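One-letter residues, chain by chain:
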Amino acid sequence: MTSIIDSLGILGAGRIGKAIAALAREAGIEVVIAGSAGPVEPVLRADAVVLATPLRQYRNLPDLGGVLVIDAMNYWWELDGKIAEFEDPMTTSSEIVAGALPGARVVKSLNHLSGYALEELARPAGDPERLGMAVAGDDDADVAAVTGLVDALGFAPVVAGELSHGVKFEPLTEAFGADADEEDLTEMLDRFWTSQRGRVVARARGGQN
C-alpha cells in the first residue's frame, strides 16, 4: 500500500506528536511539527495535518478549512476536566472536532495506540507482530489516504467505517490501548455494539447504532 501523503504537518509536540513525526520521517515523509508556541503556517501547508494536542484546546485550533485533518486526540477527563459535550454518548469527539473546523476533512486515527506502541512497535507489512490501527472517516478518498499513511508508518490499517464509528476506538472501548493485530482489532471493532461501552452508547441512542 502506497501513501499519497508526502508531507505531514503535526500540531502538538508532546510524546504522541513526536512519535508520529519520527515514524513519518523514517518512512521518507516530510514532517513539520509545531508545539503550542510554534508557528503553524508551515504545518498547514502539508498534505495532511495531525491533531496531537490536548483535546480541550480544540476550539483554539487554526483555520483548517480544506485540509485533510487526522484527529489523534482523545478526551481525557482526568486532564481536561469534565466537558459536557464530550460526555454525550450521542456523538463522538471527532464529530465535535469536525463541527468546530468548518471545511476540514476530518479522519480519526493514530489515537488508540499507546505512546510506547508508536515509539517501539511499528513493523513492516507482512510481519506477524504488526499491530492494527483503526481509521474512520466520511470521505473514501481521505480514508484511503490515511490508510496509506498508517501503512507507511508501520501499522496495519483497519477501516472502522464513517467518522461516527470512531466511537468504537475511543477511550473506554476494548480497542483503545489494545496491542492487537489486524485480525484481532477487526474483531474488536465488529463486536463493539455487544461490549459494555457499546451497550451504553446504544441505549443512549435508543438502540440505534
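J.: Is there a simple way to think about the pattern of salt bridges in this case?
T.: In a structure, side chains of opposite charge can pair up when their charged atoms sit close to one another. The full count for this structure, using the stated rule, is six salt bridges. For the salt bridge of Asp-142 with Arg-105, the shortest nitrogen-to-oxygen distance reads 2.8 Å. Of the two residues, Asp-142 is situated in helix α7 (residues 140–153) and Arg-105 in strand β5 (residues 105–109); the sequence distance between them amounts to 37 residues. Look at Asp-142 and you get buried, because its relative accessible area is 7%.

J.: Looking at this model, I keep getting lost on unusual backbone geometry. Mind explaining?
T.: It is generally the case that most residues other than glycine have a negative phi and that most peptide bonds are trans. Positive phi values are uncommon outside glycine, yet Leu-110 reaches one of about 65°. For Leu-110, the position within the fold is in the loop between β5 and α6 (115–120). Backbone geometry places Leu-172, a non-glycine residue, at a positive phi of 85°. With respect to the helices and strands, Leu-172 occurs in the loop between β7 (156–161) and α8 (182–190).

J.: For this particular structure, what's the right way to read the environment of Gly-65?
T.: Its location among the elements puts Gly-65 in the loop between β3 (48–51) and β4 (68–71). Residues Gly-65 and Thr-147, spaced 82 residues apart in sequence, show a C-alpha to C-alpha distance of 21 Å. Apart from the residues lying within four places of it in its own chain, the contact partners of Gly-65 are Pro-102, Gly-103 and Ala-104.

J.: Just to check I follow, could you spell out α7 for this structure?
T.: Because an α-helix packs 3.6 residues into every turn, residues spaced three or four apart end up facing the same way. Its 14 residues give α7 an end-to-end C-alpha distance of 20 Å, which sits within 8% of 20 Å, the value for a rise of 1.5 Å per residue. Among the 14 residues of α7, 10 are classified as buried, and the element is accordingly described as predominantly covered. All buried positions along α7 are accounted for by Asp-142, Val-143, Ala-145, Val-146, Thr-147, Gly-148, Leu-149, Val-150, Asp-151 and Leu-153. Those residues of α7 that are buried are in contact with β1 (7–11), α1 (15–26), β4, β5, β6 (132–137) and β7.

J.: Mind showing me how you'd approach the sheet that holds strand β2 (residues 30–34) here?
T.: What holds strands together in a sheet is hydrogen bonding between their backbones, with the strands either parallel or antiparallel. In space, the seven strands of this open sheet follow the order β2-β1-β3-β4-β5-β6-β7, with mixed pairing throughout. The outermost strands of the open sheet, each flanked by one partner alone, are β2 and β7. The mean inter-strand angle of the sheet, taken between neighbouring strand axes irrespective of direction, is 25°. The sheet contact formed by β4 and β5 spans four bridges and is parallel. Residue pairing for β5: Asp-71 is matched across the bridge by Lys-108.

J.: Got a minute to help me understand the environment of Pro-42 in this structure?
T.: Within the secondary structure, Pro-42 sits in helix α2 (residues 41–44). The partly exposed category is assigned to Pro-42, whose relative accessible area is 29%. In the structure, Pro-42 is positioned 11 residues away from Val-31 in sequence and 9.8 Å away in space, judged by C-alpha atoms.

J.: Help me out: how do you make sense of the packing of aromatic side chains in this one?
T.: Both the distance between ring centres and the angle between the ring planes are used here to describe each pair of aromatic rings. Within this structure, the stated rule accounts for five aromatic pairs. On the numbers, 5.4 Å between centres and 75° between planes, the contact of Tyr-58 with Phe-86 is edge-to-face. You can see Tyr-58 sitting in the loop between β3 and β4 and its partner Phe-86 sitting in helix α4 (residues 84–87), a full 28 residues away along the chain. Each member of the pair, Tyr-58 as well as Phe-86, is classed as buried. Members of the aromatic cluster, each reached through a chain of ring pairs, are Tyr-58, Tyr-75, Trp-77 and Phe-86.

J.: Where do I start with the side chain of Ser-94 in this structure?
T.: Residue placement: Ser-94 occurs in helix α5 (residues 93–99). Separated by 3.2 Å, the side chains of Ser-94 and Lys-108 make a polar contact. With near-sequence residues (within four places) excluded, Ser-94 lies in contact with Asp-71, Val-106, Lys-108 and Leu-163.

Conventions we followed
Residues numbered from 1 in each chain as written. Predicted model: local features only at pLDDT ≥ 70, side-chain atom pairs only at ≥ 80, totals over all residues. Heavy atoms only, no water. Salt bridge = Lys/Arg side-chain N within 4 Å of Asp/Glu carboxyl O. Helix = DSSP H or I, 4+ residues; strand = E, 2+ residues; numbered from the N terminus. Buried < 20%, exposed > 50% of the residue type's maximum accessible area, 1.4 Å probe, protein only. Contact = heavy atoms within 4.5 Å. Expected span 1.5 Å × (residues − 1). Pairing = 2+ DSSP bridges. Axes fitted to C-alpha atoms, helices over the stretch in contact; angles between N-to-C directions. Phe/Tyr/Trp six-rings, centres within 6.5 Å; stacked < 30°, edge-to-face > 60°. Polar contact = N/O pair within 3.5 Å; in protein donor to acceptor, adjacent residues only side chain to side chain.

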